[in-house]
Amino acid sequence: MTRNPTLGPTAHVDTFTRDNLPPPELWPELKLGTFQYPEYLNAAVELTDAMVAKGFGDRPALVGNGRMRTYKELTDWSNRIANTLVRDFGVKPGNRVLIRSSNNPAMVACWLAATKAGAVVVNTMPMLRAGELSKIIDKAQITHALCDTRLMDDLVQAGKNSRFLETIVGFDGTANHDAELDRSALAQPVQFDSVRTGRDDVALLGFTSGTTGEPKATMHFHRDLLIIADAYAKEVLAVQPEDVFVGSPPLAFTFGLGGLAIFPLRFGASAVLLENASPQSMVEIIEKYAATICFTAPTAYRVMLRALDEGANLSSLRVAVSAGETLPAPVYEEWVQKTGKPILDGIGATEMLHIFISNRFDDSRPACTGRPLKGYEAKIVGPDGEELPSGEVGRLAVRGPIGCRYMGDPDKQGAYVQNGWNLTGDSFWRDEEDHYHFTARTDGIILSAGYNIAGPEVEAALLSHSDVLECAVVGAPDPERGQIVEAHVVLRAEAEPGESMVKVLQDHVKSTVAPYKYPRRIVFTQALPKNESGKIQRFRLLEGRN
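Now for a description of the structure that goes with this document. Residue positions are given per chain, counting from 1 as you read along its sequence in written order. The model is predicted, so local features are restricted to residues of pLDDT at least 70 and side-chain atom pairs to those at 80 or more, both for listing and for counting; the totals for chains, interfaces and linings are taken over all residues. Here the side-chain values reflect all heavy atoms present in the structure, with hydrogen atoms and water set aside.

1. Details of unusual backbone geometry
Threshold: Under the scheme used here, helices are H or I runs from DSSP no shorter than 4 residues and strands are E runs no shorter than 2 residues, and both carry numbers assigned from the N terminus. Burial classes: relative accessible area under 20% of the type maximum marks a residue as buried, over 50% as exposed, and values in between as partly exposed (1.4 Å probe, protein chains only).
The phi torsion at Gln141 lies on the positive side, around 50°, for a residue other than glycine. Along the chain, Gln141 falls in the loop between helix H6 (130-140) and strand E5 (144-148). Given the relative accessible area of 29%, Gln141 is considered partly exposed. The backbone of Leu353 sits at a positive phi, close to 80°, despite the residue not being glycine. Looking at the element boundaries, Leu353 is found in the loop between strand E13 (343-348) and strand E14 (355-358).

Here it is, written out as structure tokens:
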């Protein structure tokens, strides 16, 4: 275990990212253990060219927009793009390259190509607007951007106001290959001499989501991209070449990039990518392609359960992975009962790249996040950083082969990493068997008349009522109690909103959890605000209040 590792060689001629790594004394302790990789390593080569060399060339790699690409086709495609990035558009090792697209094979090919060219990739969501893109471009000093031509307007606007962004190139996110980048790439050879990046070269910048103010960029090395596959995907999911992945999280989120690109490609499996990954669309794709592994948020699984009631066939799935927010016990129990298949809750963080605590096939239970992955350690700490005994709620601290590195931000780095441990901002408690149980975000506890109330617990109680389809609980300002528990509820179609339903649900919560936790206000709504991965945006339920 090392706190201040000596970085290996770099291929970056543009040294911006290495220059902006946190000071050595602010690094988390890294417990690499068995996660050892060659000194020189290019993650994109490992996921494509190396897989072809292992005999996977004719196997399906990616499906999307009506077309299937084999590993050989994906390798050739990404090599052509890498050639044109270097020869025609001047990308140099270490340059930051922004990619803007929905989930489709072209986005994956562009990410692989830029990584092969030695660039540092910044994947962004199509929902971002010009102002948000400008903040990312300026913070990362991005020089090149690759954009689905259907999403150019906001990026072009951001580029007009940037002193860093020099080149914007459009690509065709459909299967037509009819855009500037595609046409340039088609004139290039299918062989590319990939940049011999170091395992400690930054390959990816993950910008944190769901916060206001200045964005934070987390820095991930080439080896980190392989570690998440060799840890979680191998140990927990036991991925096989026959597996077919499907899911809703954007590839711009590290959860999505891992679950829908890195994990399948690392083990010769395939992924079906959806630009519109609604629960109904995922049900259709699972049925059509006999998908075996699904990545999405608990709210989507709730809708998929209703689809099962209406005759959907999800029998091909061997495992459902839930992350993004805690998995309510009622959803867990109903999924297992109706499908007979496991649904695995887990927790990850953009700072840690992917999941680090998870349930297992042979060790899974409701209302439980699971145990640390092999190579990771976790503990619960109090306000002064002291470790708390089992059963007590505190802050979750974790360390392992991957840790937080904020780009150029020592203050935020010092707040997230303390005494060598990563503090994720989540409140947990640990049981006697070393299983970890989520309570709430550290800043998400509702303090009402002196009581500490965890919103997810109230949500789980509401979801156990048969008339509730979805819900989100927030702490609403109240002059007498400081805050009150406010529940925003989506009812099933046959249920009637009104005062009688309010009382029914309040009484149900009182009978399910401690009565003081019941929602004093219930707001019925047709839909809850969510981001592109299906995660409920609770902060939007409080917008416009004092």
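2. A closer look at the environment of Leu469
Inclusion rule: The contact criterion used throughout is that any non-hydrogen atoms of two residues lie within 4.5 Å.
Within the secondary structure layout, Leu469 lies in strand E23 (residues 468-478). Sequence separation between Leu469 and Val489 is 20 residues; the distance between their C-alpha atoms is 7.7 Å. Those residues in contact with Leu469, other than ones at most four positions away along the chain, are Arg302, Arg306, Leu463, Val490, Leu491 and Arg492.

3. Considering the packing of aromatic side chains
Note on aromatic pairs: each is described by the distance of the centres and the angle between the planes. To keep things clear, this is the line we draw: Paired rings are identified among Phe, Tyr and Trp, the last through its six-membered ring, by centres lying within 6.5 Å, and are further divided according to the angle between planes into stacked (under 30 degrees), edge-to-face (over 60) and tilted (the rest). By definition here, charges over rings are those cases where NZ of Lys or CZ of Arg is within 6 Å of the ring centre and within 35 degrees of the ring normal.
The tally for this structure, following the rule as stated, stands at nine aromatic pairs. With centroids separated by 5.9 Å and ring planes inclined at 35°, the aromatic side chains of Tyr232 and Phe263 adopt a geometry described as tilted. Remark: Phe263 occurs in helix H10 (residues 254-266) and Tyr232 occurs in helix H9 (residues 222-236); sequence separation between them is 31 residues. Classification of Tyr232 by relative accessible area gives buried; the value is 1%. For Phe263, a relative accessible area of 0% corresponds to the buried category. An angle of 55° between the planes, with centres 6.1 Å apart, marks the rings of Phe263 and Phe295 as tilted. Linking Phe263 in helix H10 with Phe295 in strand E11 (residues 293-296), this pair joins segments that are 32 residues apart in sequence. No difference in accessibility class separates Phe263 from Phe295, as the two residues are buried. The ring of Tyr40 carries Arg196 above its face, with NZ or CZ at 3.7 Å from the centroid. In this structure, Lys510 packs its charged tip against the face of Tyr518, placed 4.3 Å from the ring centre.

4. Let's talk about the pairing of strand E24 (residues 482-491)
Remark: a regular strand shows side chains that alternate across the two faces of the sheet. Selection rule: One bridge is not enough; two strands pair if DSSP finds at least two bridges between them.
Within E24, eight of the ten residues are buried, which leaves it mostly tucked inside the rest of the structure. Note that E23 and E24 share ten bridges and pair antiparallel. Looking across to E24, one finds that Cys471 is bridged to Val489. As consecutive antiparallel partners, E23 and E24 are separated by three residues. Alignment of E24 against strand E25 (residues 521-524), held across four bridges, turns out to be parallel. Bridging across to E25, His488 finds its partner in Val523.

5. A closer look at the sheet that holds E25
What counts is decided by this rule: Orientation is described by lines fitted to C-alpha atoms, with helices fitted over the stretch in contact, and by angles between N-to-C directions that extend from 0 to 180 degrees.
Taken together, three strands build an open sheet; the order of strands is E23-E24-E25 and the sheet is mixed. In the strand order of this sheet, the two ends are held by E23 and E25, each with one partner. Each adjacent strand pair in this sheet contributes to an overall mean axis angle of 25°, direction not counted. Across the sheet, helix H16 (residues 499-512) is in contact with E23, E24 and E25; its angle to E25 comes to roughly 125°.

6. Details of the packing of H6 against helix H7 (residues 152-160)
Basically, it comes down to this: In this scheme, roughly parallel covers angles under 35 degrees and roughly antiparallel covers those over 145, while 65 to 115 is roughly perpendicular and the rest are oblique. By convention the crossing between two helices is left-handed if the near helix lies anticlockwise of the far one by an angle smaller than a right angle, and right-handed if it lies clockwise. Gly falls in the polar group here, along with every residue not listed as nonpolar (Ala, Val, Leu, Ile, Met, Phe, Trp, Tyr, Cys, Pro) or charged (Asp, Glu, Lys, Arg).
The interhelical angle for the contact between H6 and H7, taken along N-to-C directions, is 50°, at an axis separation of 8 Å. In terms of their interaxial angle, H6 and H7 are classed as oblique. Crossing handedness for the pair H6 and H7: right-handed. Of the residues in H7, those in contact with Ala130, Leu133, Ser134 and Ile137 of H6 are Asp154, Leu155, Gln157 and Ala158. Class assignment of the residues belonging to the contact of H6 with H7 gives a composition of five nonpolar, two polar and one charged.

7. Re the pattern of salt bridges
Working definition: two side chains of opposite charge can pair if their charged atoms are close together. Note the cut-off: In the sections that follow, a salt bridge refers to a side-chain nitrogen of Lys or Arg positioned within 4 Å of a carboxyl oxygen of Asp or Glu.
Applying the stated criterion across every chain yields a total of 32 salt bridges. Here Arg521 makes a salt bridge to Glu486, at a shortest N to O gap of 2.5 Å. Taken as a pair, Arg521 in strand E25 and Glu486 in strand E24 lie far apart in primary sequence, 35 residues in all. Of the residues examined, Glu486 reaches a relative accessible area of 1% and is grouped as buried. A network of salt bridges, in which partner residues are shared, links Glu29, Lys31, Glu377 and Arg399.

8. Details of helix H11 (residues 279-289)
The set of residues buried in H11 consists of Ser281, Met282, Val283, Ile285 and Ile286. Taken together, the buried residues of H11 touch strand E9 (244-247), strand E10 (270-272), E11 and helix H12 (298-309). Immediately beyond the C-terminal end of H11, within one or two residues, lies Ala290, with a positive phi of roughly 50°.

9. Digging into the pairing of E11
What counts here: For crossovers, right-handed means that the path from the first strand over the helix to the second runs clockwise, given strands pointing away from the viewer.
Covered by surrounding structure in E11 are Ile293 and Phe295 together with Cys294 and Thr296, the residues of both alternating faces. Judged from the three bridges that link them, E9 and E11 form a sheet pairing that is parallel. When the bridges of E11 are listed, Val246 appears paired with Cys294. One ladder, built from four bridges, connects E11 with strand E12 (residues 319-322); its direction is parallel. Bridge pairing links Cys294 to Ala320 in E12. With H12 bridging E11 and its parallel neighbour E12, the resulting β-α-β unit is right-handed.

No statement about biological role is implied by the geometric values presented.
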